[in-house]
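Okay, here's what each chain looks like letter by letter:
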Amino acid sequence: MINEEALIDALQNGRLAGAALDVFEKEPLPADSPLWGMENCLISPHCSGNYPNYVQDSIDIFAMNLKRYRDGEVLDNLVDKKHGY
């Protein structure tokens with residue numbers, strides 16, 4: 001977990017050039033958080049990967065993986081726990 005107070009300090013004092021964040025100590029990020037007004041901080045919602053065909057594409061991937069599972073095949077889009085994604 002990131003120490004949000006230390007991150008804000010580092011961004012304000014130039015020790016860190018910028019940050020892109022979508023998870024915070026308090027969810028949702030409080031309206032009075034200094035992060036909202038910082039030009040060197042990009043705040044993104046958890047659904048930032050959403051796009052027009054997201055739901056249908058997710059259903060298609062699920063259906064394909066269900067078939068693979070039933071057929072004893074390797075699933076697509078597995079999480080690599082060593083890499084963390």
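Check the entry above for the structure.
Rules behind the numbers
Residues numbered from 1 in each chain as written. Predicted model: local features only at pLDDT ≥ 70, side-chain atom pairs only at ≥ 80, totals over all residues. Heavy atoms only, no water. Helix = DSSP H or I, 4+ residues; strand = E, 2+ residues; numbered from the N terminus. Salt bridge = Lys/Arg side-chain N within 4 Å of Asp/Glu carboxyl O. Buried < 20%, exposed > 50% of the residue type's maximum accessible area, 1.4 Å probe, protein only. Phe/Tyr/Trp six-rings, centres within 6.5 Å; stacked < 30°, edge-to-face > 60°.

This brings us to the environment of Gly 72. Positionally, Gly 72 belongs in the segment after helix H2 (54–70). Counting along the chain gives 54 residues from Gly 72 to Gly 18, while the straight-line C-alpha distance between them is 45 Å.

Take the pattern of salt bridges next. Throughout the structure, instances matching the rule amount to two salt bridges. We note a salt bridge from Asp 9 to Arg 15, for which the minimum N-O separation is 2.5 Å. With a relative accessible area of 32%, Asp 9 lands in the partly exposed category. A residue is classified by how much of its surface remains accessible, and Arg 15, at 56% relative accessible area, is exposed. Among the salt bridges present, the one from Asp 71 reaches Lys 67, with a minimum N-O distance of 2.7 Å. On the basis of relative accessibility, which here comes to 42%, the residue Asp 71 falls in the partly exposed class. Here Lys 67 falls in the exposed class, since its relative accessible area comes to 53%.

With an omega of -5°, the peptide bond between Glu 27 and Pro 28 qualifies as cis. Among the secondary structure elements, Pro 28 is positioned in the loop between strand E1 (19–21) and strand E2 (41–43). The phi torsion at Asn 77 lies on the positive side, around 65°, for a residue other than glycine.

This model, assessed by the stated rule, comprises one aromatic pair. Look at Tyr 51 and Tyr 54: their rings are 5.8 Å apart centre to centre, the planes differ by 85°, and that puts the pair in the edge-to-face class. The partly exposed category is assigned to Tyr 51, whose relative accessible area is 38%.

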